[in-house]
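The lines below spell out each chain.
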Amino acid sequence: MAVAASSQLPYRPCVGIMLINRAGLVWIGRRRPKWVGDRAAYIWQMPQGGIDVGEGTRAAALRELEEETGVRSVEVVAEAPRWLSYDLPEALIGVALKGRYRGQRQRWFAMRFLGGEDEIDIGPRRGRKAEFDAWRWAPVGELVDLVVPFKRAVYRQVVEEFRGLIRPT
């Protein structure tokens, strides 16, 4: 099967969540995607995921957050005013995102975590595999450097958009 040129593939519509705790730190999870050649390599990222057909962006963000982290005790404090997009590197076209997309078009939300640490559960649920194998709270200044290079421009924009919300409460 031939792989379509990246310019012919659509962007996957997604949501992203910046989960901020009471100390003003941001939740990040560690993944090891199948497409990473180095089996020792890990990727850190904030929760994100696809939008189901007929689902609104806010509902998708709350669902994805719960599916990936177990977290339900949140206050949605902001939504980015525009969609943010990134392109996959050419080497990942046809490999990552099930080979169907050239990148992601994301709507980001800032959410304040209101629960306790015991609410966070990154294990598999509802017959789905776990998205993350570890997690931690990180200072906002670390986020851009921790994410894969092709997502860094989006992370810079997310940090800038929500910077005023990232503070202890």
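Please read these numbers as outputs of a predicted model, since none were measured by experiment. (Residues numbered from 1 in each chain as written. Predicted model: local features only at pLDDT ≥ 70, side-chain atom pairs only at ≥ 80, totals over all residues. Heavy atoms only, no water.)

**Student:** So what exactly am I meant to see when it comes to the overall build of the chain here?
**Tutor:** Helix and strand counts for the chain stand at three helices and eight strands. Counting helices and strands in the order they occur from the N terminus, the chain gives β-β-β-β-α-β-β-β-β-α-α. Split into buried and exposed, the 169 residues of the chain put 49% on the buried side. Put simply, the chain shows about 8,700 Å² of open surface, and 50% of that area lies on carbon and sulfur atoms. (Helix = DSSP H or I, 4+ residues; strand = E, 2+ residues; numbered from the N terminus. Buried < 20%, exposed > 50% of the residue type's maximum accessible area, 1.4 Å probe, protein only. Areas by Shrake-Rupley, 256 points an atom, 1.4 Å probe, with all protein chains shown as cover.)

**Student:** I'm lost on the side chain of Arg107 in this one. Help?
**Tutor:** Its place among the elements puts Arg107 in strand β7 (residues 103–113). On the basis of relative accessible area, Arg107 is assigned to the buried category, the value being 13%. Here Glu79 takes part through its side chain, which lies 3.1 Å from a polar atom of the side chain of Arg107. When sequence neighbours within four positions are dropped, the list of residues in contact with Arg107 reads Cys14, Val15, Gly16, Thr57, Glu79, Ala80, Pro81, Arg82 and Trp83. (Polar contact = N/O pair within 3.5 Å; in protein donor to acceptor, adjacent residues only side chain to side chain. Contact = heavy atoms within 4.5 Å.)

**Student:** So what exactly am I meant to see when it comes to the packing of aromatic side chains here?
**Tutor:** Each aromatic ring pair is summarised here by two numbers: the centre-to-centre distance and the angle between the ring planes. Following the criterion strictly, the structure yields six aromatic pairs and no others. Arranged with centres 5.2 Å apart and planes meeting at 70°, the rings of Trp27 and Phe132 form a pair that is edge-to-face. Here Phe132 lies in the loop between β7 and β8 (134–138) and Trp27 lies in strand β2 (residues 26–31), a separation of 105 residues in the sequence. Both residues of the pair, Trp27 and Phe132, count as buried. Note on Trp135 and Trp137: the rings are 5.9 Å apart at their centroids and 90° apart in plane angle, and the pair reads as edge-to-face. Here the aromatic residues Trp27, Phe113, Phe132, Trp135 and Trp137 are joined through ring pairs into a cluster of three or more. Across the ring face of Trp83, the terminal group of Arg105 is positioned such that the distance to the ring centre comes to 4.0 Å. (Phe/Tyr/Trp six-rings, centres within 6.5 Å; stacked < 30°, edge-to-face > 60°. Lys NZ or Arg CZ within 6 Å of the ring centre and 35° of its normal.)

**Student:** Help me out: how do you make sense of helix α1 (residues 57–69) in this one?
**Tutor:** An α-helix turns once per 3.6 residues; consequently, residues spaced three or four apart project the same way. The end-to-end C-alpha distance of α1, which contains 13 residues, comes to 18 Å, matching closely the 18 Å that a straight helix rising 1.5 Å per residue would cover. Taken together, the buried positions of α1 are occupied by Ala60, Ala61, Arg63, Glu64, Leu65, Glu66, Glu67, Glu68 and Thr69. On the buried face of α1, the contacting elements are β1 (11–20), β2, β4 (48–50), β5 (74–79) and β7. Taken from the residues just after α1, Gly70 is the one with a positive phi, measuring 80°. (Expected span 1.5 Å × (residues − 1).)

**Student:** Whenever I open this one, helix α3 (residues 152–162) confuses me. Can you help?
**Tutor:** Restricting attention to buried positions, one finds in α3 the residues Val154, Tyr155, Val158, Val159 and Phe162. The buried residues of α3 all sit within an arc of 135° when viewed along its axis, so they share a single face. (Arc of directions from axis to C-beta.)

**Student:** Please clarify how the environment of Gly116 should be interpreted in this entry.
**Tutor:** Here Gly116 lies in the loop between β7 and β8. Each C-alpha atom, one on Gly116 and one on Val71, is 9.4 Å from the other, the two residues being 45 residues apart in sequence.

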